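Descriptive structure summary
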Amino acid sequence: MKKLQFLAIAIFSLLFAACGDSNSTSTEQHEHFEVEGWRLYSSEWDTLYSVYRGKEDSKLPGLKVNANCMSAHIHVKFLDENNKEIAGPNDDEHSLGWDVADSKILDIHFEGGWGFHLKGLKEGETKLVLKVKHHDHADAKTPEIQVIVDKALDADKCPFQEDEDED
Amino acid sequence: MKTSLFRAATGSLLLGGFLHFSFAQEFIQDLGNSIIEAEKSTETILDGLRKDDELQAEKLDRKISTTIAETIKNAPDIAIRSMGPAAARPVIKGLSGSHVAITEDGSFCGDMSATSPDHAVASEVLTAHKLRITRGPQILTQSFAAAGGVIQVEHNDIPFEIALPQGVAIPTTANQNTTVQPTTESNTQIHGFITDYAESGQPGFATIIGVNGNIHGLSLKGELSARNMSDMKTPNGNLKNTDIENKGFAIGASYSFERFKIGASFRNFNSNYGIPGGFIGGHPNGVDIDLFKRDLTLRGLYLPAQKSSDTLSVTFRLNQYHHTEYETKEYVGAEFAVNQANVRVEKLIAQGGPFFGIHFGAELDARSIEMGGYVFTPPTNSYAASLFSVASLNGWRDGLEITLSARFGGAFFRPRESVVADKGAIEDRNFALWAIAAEFSQRVAPGKFLTLNVFRTTRAPTIEELYNQGPHLAAYTYERGNHKLDAESGYGAELEFRDYGEIINWRAAVHSTWFLNHLAPRATGDTNWSQILPIYQVSGDEALLIGGSASIELPAEQGFYAQAGASYVCGFYQNENWSDMPQIPPFKFHGEIAYLWTHVRAGFNAEFALAQNRTDRYEERTPGYATFGASLEFHWPLTLAHYSIVLRGDNLFNADVRNHLSRLKSVMPEKGHNVSILAKAEF
């Protein structure tokens, strides 16, 4: 009978030990970058796209690129709650992120900072969502932005050549 | 049939209950052909009758589905709040979240399913031996929210049933005493079962294997479970990212030392499930959620030598819950880590003065929650303490039985500083809580009972309701709490009539609750433009909920069987227009006819819901639906084992079903036609 009592105590101890592992979060909470809108500029600082509180400015040309070509540098700025333009966070924690709905049509070339290039892969239309990445999540994101990829051009006929100076 | 009814009737007789002998005879004649079990009851007649609503054994096998909520969905006053097939939680009388407590083996189910529609109940329904919806005054043994209810899930993880001698009552769940079945003379017993479930509506399977054994007084239990289901099929195509993968195990042991019994169990549950996308502001591909839950439960019983039914029990549960929401493989949208400890001390007394079925106890609870990722709630420690009691009495008037219950206590919140929270909102909050209920059950004629339950309901706000200030990606909402909230409170009543006749049984009930401060997140119509999410603000409003339910049954052990039930509830906020409350289920009907042979049961069922046009601001209307189903069951014993096969076809005509309480309703309908099979062998 004593053997059984030992067995019972051993089982209960084992059960107790089984719940002894720590349980805590692996990601930390951080302050977040909140914006009410986004504005995208061409390399010549012409406004290509703007959205404020979900309302897109339909008078703007939008984002276009030819297949087989890279667009000129596109600058990203943000709009605060007063519709005032602000720059992106200048720290190591935040960076630009994106989702392309059809990655066979469009690719993004990123060279750091708050800007990017469109790279047309195949003629067609797709959607782009830009994000402010912060650690493992997104602090802010755009609505789905329509991107038109026009017909393919030979590399030497692309409006923007990759070796051109920017800004 | 109605074994528990007889148990209640005969038990009351034996204990000097209100049933006089002539009535008991009439009552038994009314109810037909069951075996009368004479045992000491500690419950009222009404509680005995309510036990007939429990789902267990074949009745549970017949209804088993993907989740607990789906399994009990046709019980009176029940609806489902959902966000995909995995994230489904029961709603009672139009009340959800913290109004509906879920317990496992009598102690809290430590998950976060009450706080957000995308959080699943962390319990595998296939591992449940019994599901019960607690109503009436007994709710207060588990919760302050008397207006809602308690869903009791019994796993029997601590195998006391094998270790205890016959006749000992164990408070396994809210005032529901498991009376131990006789043990055999043999020193070694082994029981086991294997259950498999598969379906076509969400292609996949679930399996559970369980073994119970007793070796020289040491009782052991082991259980393994797994579920693997792919995306749900709807009439409009597959609903992406609704797959479910659950794995779990449980082990338990109990041992007897003279008048003391001790037991322990450990239950581990892992789940990986998807929340579909496609909402405004949501990720196109939805959100993947990984969670685990671990419960360590220790339990001690003391059985007094002079009266072993007057059990004293102490239960300690240590719970860990971890939940991570992945927006993509790279992005952790939200992370929660909850550590909770709970102690329950309960005493059962069969008879004491004018009272019987006395159940009183105390509960202490400590909970710590940490958040990570994109969650704007500060880490918070919370504590709770409460005393509760339920007792019944009779004898004042022929056929009148009264049950009184009360719960007193407090809840204390201690948020910690956090970079994500508004410093002004990080404020300690203390809440004094009290709830009472009184149920008057009058036998108005043989087999006919009229019951009035009056109650005060309350609950403390949740941590999220107090302190949250940010987006919840998986729920597609931007949630704003309010640290100045008061505790929710209200008064209510329910009037019920039950008639157990020679041919049919029926019941009808109406209920109403007047909330002085009903806490709920309400859509404000504003949007958080950083995340493009609709803003929900928690507010406390005066509100009125009115509803009713009715059911009728033509019972049979063999031959023709029929059953039907309907539920309706409406809710209003008190303002100039008495505007409708959000997330109120529409009128729903469910009916079934079946034919029963000795080992075979065949049936057809129908379910319909009316359109819900009574909606809160910014809430969408939902169309009605009708579905039809069929079932065929086989149950047979063979060579020391019992086998069951349940074949079921649901929504056979592939109807477009929209659940008003699902946030997916604007994207896709619920499950389309579905054929399922459950096979079970017990030895």
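Residues numbered from 1 in each chain as written. Chains lettered and ligands numbered in written order. Predicted model: local features only at pLDDT ≥ 70, side-chain atom pairs only at ≥ 80, totals over all residues.

Glancing now at the overall build of chain A. Along its length, chain A carries one helix and 12 strands. Its helices and strands in sequence order give chain A the pattern α-β-β-β-β-β-β-β-β-β-β-β-β, from N to C terminus. Out of the 167 residues belonging to chain A, those deemed buried represent 25%. Long-range pairs, those at least 24 residues apart, make up 64% of the contacts in chain A with a sequence separation of at least 6. (Helix = DSSP H or I, 4+ residues; strand = E, 2+ residues; numbered from the N terminus. Buried ≥ 20, exposed ≤ 12 C-beta atoms within 10 Å, placed from the backbone. Contact = placed C-beta atoms within 7 Å.)

A few words on the overall build of chain B. Within chain B, the regular secondary structure consists of seven helices and 35 strands. Put simply, chain B has 683 residues, and 55% of those count as buried. Within chain B, residue pairs in contact and separated by at least 24 positions form 65% of the contacts whose partners lie at least 6 positions apart.

Now for the interface of chain B and chain A. Every contact between the two is made by 35 residues of chain B and, on the other side, 32 residues of chain A. Of all the secondary structure elements, the ones that give two or more residues to the side of chain B that touches chain A are β15 (244-257), β16 (260-275), β17 (287-302), β18 (312-326), β19 (332-352) and β20 (355-373) of chain B. Here the side of chain B that touches chain A is composed, by residue class, of 17 nonpolar, 13 polar and five charged. (Nonpolar A, V, L, I, M, F, W, Y, C, P; charged D, E, K, R; others polar.)

A separate point is the pairing of strand β12 (residues 145-150) of chain A. Remark: a regular strand shows side chains that alternate across the two faces of the sheet. Residues and elements named next belong to chain A. Bridging between strand β4 (residues 63-66) and β12 involves four bridges; their strand directions are parallel. For N66, the partnering residue across the bridge sits in β12 and is D150. Judged from the five bridges that link them, strand β10 (residues 124-134) and β12 form a sheet pairing that is antiparallel. Following the sheet pairing, L128 is matched in β12 by I145. (Pairing = 2+ DSSP bridges.)

All names here are of chain B. Read from one edge to the other, the open sheet built from five strands follows the order β1-β6-β7-β4-β5, with strand pairing classed as mixed. Sheet topology places β1 (55-56) and β5 (107-108) at the edges, where each strand pairs with a single neighbour. The pairing of strand β4 (residues 100-104) with strand β7 (residues 149-154) spans five bridges and is parallel. Bridge pairing in β7 links I102 to I151.

Okay, the environment of A:T126 next. All names here are of chain A. Among the secondary structure elements, T126 is positioned in strand β10. Along the backbone, T126 and E81 are 45 residues apart, and their C-alpha atoms lie at a distance of 29 Å. With residues near it in sequence (within four places) discarded, T126 still touches V100, A101, D102, I105, L106 and V147.

Here we take up the nonpolar core. Residues and elements named next belong to chain B. With 111 residues, the main nonpolar core has I68, I72, V91, A146 and I151 as its most contacted residues. Considering every element that reaches this core, the biggest residue donor is β19, with eight residues. Once you skip the residues sitting within four places of it in the chain, V91 turns out to touch I78, A79, I80, R81, S96, V100, P585 and L661. (Core = buried A, V, L, I, M, F, W, Y, C linked by C-beta atoms within 7 Å.)

With that settled, the discussion passes to the confidence of the model for chain B. Residue and element names in this part refer to chain B. Here chain B averages 87 in pLDDT, while 88% of its residues score no lower than 70. Predicted confidence is poor over residues 1-40, with pLDDT under 50, and the contacts of this stretch with residues over four places away or in other chains come to 79 contacts. In this model, residues 179-186 is a region of pLDDT below 50 whose contacts with residues beyond four sequence positions or in other chains number 16 contacts. Confidence estimates for the predicted assembly give a pTM of 0.84 and an ipTM of 0.80. (pLDDT = per-residue confidence, 0-100.)

As a further point, take unusual backbone geometry. Residues and elements named next belong to chain B. The phi torsion at L640 lies on the positive side, around 65°, for a residue other than glycine. Here L640 lies in the loop between β33 (625-638) and β34 (641-650). In this model, N651 sits at a positive phi of 45°, which is unusual for a non-glycine residue. Secondary-structure assignment places N651 in the loop between β34 and β35 (674-682). Judged by the 23 C-beta atoms lying within 10 Å of it, N651 is buried.

Before going further, it helps to spend a moment on the pairing of β17(B). All names here are of chain B. Sheet topology note: the β16/β17 ladder contains 16 bridges and is antiparallel. Along β17, the bridge assignment pairs F266 with L296. The pairing of β17 with β18 spans 15 bridges and is classified as antiparallel. Residue pairing in the sheet places F292 in a bridge with H322 of β18.

Residues and elements named next belong to chain B. Looking at the secondary structure, you find I677 in strand β35. As for I677 and V646, which are separated by 31 residues in sequence, their C-alpha atoms are 5.6 Å apart. In this structure, I677 is in contact with A198, I645 and L647, ignoring residues within four places of it in sequence.

Turning next to the environment of B:L126. Residues and elements named next belong to chain B. With respect to the helices, strands and loops of the structure, L126 is situated in the loop between β5 and β6 (130-134). The class for L126 is buried, based on 24 C-beta atoms found within 10 Å. Sequence separation between L126 and F413 is 287 residues, and the spatial gap between their C-alpha atoms is 35 Å.

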